Amino acid sequence: MKNIGKIPLASKAGRLALVIIPLTLFVLSCTEPIDFSGKETDPYAVLQCTAKTDSTLNVRMTWSRFFLSNNVRPFTTIDDADLRITSNGVPLVLAGVDSGNYRFNYVVREGDTLEVRAAVPGYNKGVLNATTIVPARPALQVLEVKVDSSEGEYYSRKYIYSIKVKLEDPKEENYYAMSIDYARRSDTMYGTDVGWVKGKISCKDPLLLDPSLNVGNIVDDGGLSDNAEREFRFSDDKINGKSHVFTVQLSDEYYYSVDEQDDNIGKDIIDKIFQMRLTIVSISPELHRFMMSRDAANDAEGSFFSEPVQVICNVQNGIGCFGAQTSKSIVFPVQ
């Protein structure tokens, strides 16, 4: 897999591909650099869609805004495009358009090949078009959960939850993102469950760690650190088409009162995590490249020493991303 990281702008003098589109994008380009002569400030048509398995299909269209503009108003939406989508060659029926959102009463399925074409009145750069294939649902199993605890300072106890999982990876190019939510048990007047909370996930597996995918994993004393993040992204470069067992971790710290400590009746474990939900998302290649370059552009924004970064798109004759993802969640108890 190619490292994305910082993607240099086209070297040809006088060319710049800087436009702003929704979804917090600062710099965006197509698969080829957008020509900019220094005079042209006409907007580009922007098409954004992430097709999610088991959800209805929605596409958003807006106009881009010139990057030197100080206009802070919402982006102008496109509501009059002739937008057509096919799934496996079969045309889908448009259900409605509202403020740039094109809704289709079609539930996305694994393996669908989706193609979009959008003709915008008065737009002279051509008909927008893109294709994506909805990835298969990840084959993931939770094999084992271990909990280690140790006394902390100042009336605290730290818990390390290690979750061993098994992933069956298909042979084609695959990209994944994993996250963990947890729920606590607390004996209060409001009941025993306090809802799901997003945790920070970490992984030390050398076959999955890649500095270009996980910014927190940097070279340190000849190895890779396992800084916890809200989402752990990885590719199947080193496990392609194989069954792979690896471990992810979540750390949690519980603070108890002086009275609870002095009573010594085990109240420090009342508020422990008792349930977890592990979610793995399979991401289409074009959506992965878009997300990675977008994050790199956001990281470079405002940094004096960083080079500008192009966000990689797959929408021809416009800008944006037409991609897909499929997720699987596993809920399991924690002893």
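Residues numbered from 1 in each chain as written. Predicted model: local features only at pLDDT ≥ 70, side-chain atom pairs only at ≥ 80, totals over all residues. Heavy atoms only, no water.

## Observations regarding the overall build of the chain
A tally of helices and strands in the chain yields two helices and 22 strands. Carbon and sulfur atoms provide 49% of the accessible area of the chain, an area that totals close to 17,700 Å². (Helix = DSSP H or I, 4+ residues; strand = E, 2+ residues; numbered from the N terminus. Areas by Shrake-Rupley, 256 points an atom, 1.4 Å probe, with all protein chains shown as cover.)

## Brief notes about the side chain of Thr 326
Inspection of the secondary structure assignment puts Thr 326 in strand E22 (residues 319-333). Relative accessible area serves as the criterion here: at 0%, Thr 326 is assigned to the buried category. A distance of 2.6 Å separates a polar side-chain atom of Thr 326 from the backbone oxygen of Pro 135. When neighbours within four sequence positions are excluded, Thr 326 is seen to be in contact with Thr 53, Glu 110, Val 134, Pro 135, Ala 136, Arg 137, Pro 138, Ile 280, Val 281 and Ser 282. (Buried < 20%, exposed > 50% of the residue type's maximum accessible area, 1.4 Å probe, protein only. Polar contact = N/O pair within 3.5 Å; in protein donor to acceptor, adjacent residues only side chain to side chain. Contact = heavy atoms within 4.5 Å.)

## Quick word on the environment of Ser 293
Relative to the elements of secondary structure, Ser 293 occurs in helix H2 (residues 285-300). Polar side-chain contacts of Ser 293 include one of 2.9 Å to the backbone nitrogen of Ile 312.

## A short note on the environment of Ser 284
Tracing the backbone through its elements, the reader meets Ser 284 in the loop between strand E21 (273-283) and H2. Within polar-contact distance, the side chain of Ser 284 engages the side chain of Glu 286 at 2.8 Å.

## Topic: the pairing of E22
Sheet analysis places strand E2 (residues 45-52) next to E22, joined by seven bridges and oriented parallel. Bridge pairing in E22 links Val 46 to Ile 319. The pairing of E21 with E22 spans nine bridges and is antiparallel. Directly across from Ile 280, in E22, lies its bridge partner Lys 328. (Pairing = 2+ DSSP bridges.)

## Some remarks on the packing of aromatic side chains
A full pass over the atoms with the stated rule returns five aromatic pairs. Measuring from centroid to centroid gives 5.3 Å for Phe 232 and Phe 234, while their planes differ by 25°, and the two rings are stacked. The two residues Phe 232 and Phe 234 agree in class, both being buried. For the cation-ring pair, Lys 125 lies above Tyr 44, with the distance from its terminal atom to the ring centre recorded as 4.5 Å. Taking the ring centre of Trp 196 as reference, the NZ or CZ of Arg 277 above it sits at 4.3 Å. (Phe/Tyr/Trp six-rings, centres within 6.5 Å; stacked < 30°, edge-to-face > 60°. Lys NZ or Arg CZ within 6 Å of the ring centre and 35° of its normal.)

## Thoughts on the sheet that holds strand E6 (residues 90-91)
Spatially, E6-E5-E9-E10 is the arrangement adopted by the four strands of the open sheet, whose pairing is antiparallel. The outermost strands of the open sheet, each flanked by one partner alone, are E6 and strand E10 (128-133). Note: strand E5 (residues 82-87) against strand E9 (residues 113-119), six bridges, orientation antiparallel. Bridging from a neighbouring strand, Leu 83 pairs with Ala 118 of E9.

## A few points about unusual backbone geometry
Its identity as a non-glycine residue notwithstanding, Ser 99 has a phi of 50°, on the positive side. Topologically, Ser 99 is positioned in the loop between strand E7 (94-98) and strand E8 (101-107). On the basis of relative accessible area, Ser 99 is assigned to the partly exposed category, the value being 44%. One non-glycine residue, Asn 317, lies in positive phi territory at about 65°. As for its placement among the helices and strands, Asn 317 is situated in the loop between H2 and E22. Taking the relative accessible area as the measure of exposure, Asn 317 reaches 34% and is therefore partly exposed.

## Considerations on the pairing of E8
Covered by surrounding structure in E8 are Tyr 102, Phe 104 and Tyr 106 only, the residues Asn 101, Arg 103, Asn 105 and Val 107 on the alternate face being uncovered. One ladder, built from four bridges, connects E7 with E8; its direction is antiparallel. When the bridges of E8 are listed, Gly 96 appears paired with Arg 103. Where E7 folds back on E8, the antiparallel hairpin that results is connected by two residues, among which Ser 99 adopts a positive phi of roughly 50°.

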